[in-house]
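# Observations on the model geometry
What follows is each chain in one-letter form.
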Amino acid sequence: MASSAATRTASKVVKPIFSRDLDEAKRRVRELYRAWYREVPNTVAMFQLDITTQQGREKVREMFNKNKHVTDPRLVDMLVIKGKMELQETIHIWKQKTHIMRYFHESEEPRATDFLSKFYRGHEP
Amino acid sequence: MASRVLHQCVRSLARPSLRLLSGNTVMRAAAGPAAAALRPVSFAAASRRTRWLGQSAISSGVLCRQYGDLPPLTLETIKDRVIYVLKLYDKINPEKLQTSSHFMKDLGLDSLDQVEIIMAMEDEFGFEIPDAEAEKLMTPSEIVQYIADKKDVYE
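Keep in mind that what you see is a predicted model, and the values were worked out from it rather than measured.

Under the criterion given, the structure shown has 15 salt bridges over all chains. With a shortest N-O distance of 3.5 Å, B:Asp123 and A:Arg38 are connected by a salt bridge. Placement of the pair is B:Asp123 in helix H6 (residues 111-125) and A:Arg38 in helix H2 (residues 22-46), with the two residues belonging to separate chains. Classification of B:Asp123 by relative accessible area gives exposed; the value is 56%.

Below, the structure written as structure tokens:
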């Protein structure tokens, strides 16, 4: 980043994406959560998904909780932007049912973590 | 015909409030000479009868007409509705819920849970609560106070 390289003082100020501090970034996160929360019933109806609205909302909560630990406001802004892109694609039905159901990973087997399970399955790269 | 009804409304409102307590017979007698021969008297009396019923049925002390509007809000009704909505939320234990219980500290809820609660309040009362003010509402009593401020409800 040119701006961060230019400042040589002790307090580094980087160019923000949208929000200047973490509180503003959290506000954007809350707005995005509201939009997703209100969108889930419409999504379940439009795509004719086989899940309930409650399950859809739990999945939204799970995706938001995955990035709960982030503290950098620029990183939070980037995640919010990606979330907004997903929301736009879902609202306008540019996605299809398979793309929405990929969030749920229902038909995928969990990957093996310990040595013995990997051995039984065969050493896949 | 609409102008004639309005004319009678204005004349009846200009009269002292004694008319409120008097029965329908007085109104019908007064409406008789006022209405023209072609206009049916019973219609005027019936419309005024329903209107006075609407006025006198409200026991909250405030004289207001309910043509097509919701019943007026009071602090108690707001509080009852807020507590009712909160009890329906499945992440809150209904026994531990009081008007002064903090969402994060007492009930152990998340910030996203608090967003969901505020959205439920928006759906219940039918008006938008912007996020800048919504993030400060942390107890049910604060929510009641905010709604009362927005809806001009006071004791």
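Alright, that's what it looks like, and here's the rest.
Together, A:Ile17, A:Phe18, A:Leu75, A:Met78 and A:Leu79 make up an exposed nonpolar region whose accessible area comes to about 400 Å². Positionally, A:Phe18 belongs in the loop between helix H1 (2-6) and H2.

A few words now on the interface of chain A and chain B. On the side of chain B, 18 residues touch chain A, which itself brings 12 residues to the contact. Here chain A and chain B share an interface that buries about 1,400 Å² over both sides, 45% of which is from carbon and sulfur atoms. For chain A, the biggest contributors to the area lost against chain B are A:Arg30, A:Arg34 and A:Arg61; these three give 50% of the whole. The tally of links between chain A and chain B comes to 10 salt bridges. Here B:Glu122 makes a salt bridge to A:Arg38, at a shortest N to O gap of 3.2 Å. Applying the counting criterion to the chain A and chain B interface returns 11 residue pairs in polar contact (both at pLDDT 80 or more). For the side of chain A that touches chain B, the secondary-structure elements that each account for two or more residues are H2 and helix H3 (53-66) of chain A. Classifying every residue of the side of chain A that touches chain B gives 3 nonpolar, 2 polar and 7 charged.

Conventions and cut-offs
Residues numbered from 1 in each chain as written. Chains lettered and ligands numbered in written order. Predicted model: local features only at pLDDT ≥ 70, side-chain atom pairs only at ≥ 80, totals over all residues. Heavy atoms only, no water. Salt bridge = Lys/Arg side-chain N within 4 Å of Asp/Glu carboxyl O. Helix = DSSP H or I, 4+ residues; strand = E, 2+ residues; numbered from the N terminus. Buried < 20%, exposed > 50% of the residue type's maximum accessible area, 1.4 Å probe, protein only. Patch = residues over 30% accessible without salt bridge, like charges linked within 9 Å, V, L, I, M, F, W, Y side chains within 5 Å. Areas by Shrake-Rupley, 256 points an atom, 1.4 Å probe, with all protein chains shown as cover. Contact = heavy atoms within 4.5 Å. Buried area = accessible area lost by both parts, 1.4 Å probe. Polar contact = N/O pair within 3.5 Å; in protein donor to acceptor, adjacent residues only side chain to side chain. Nonpolar A, V, L, I, M, F, W, Y, C, P; charged D, E, K, R; others polar.

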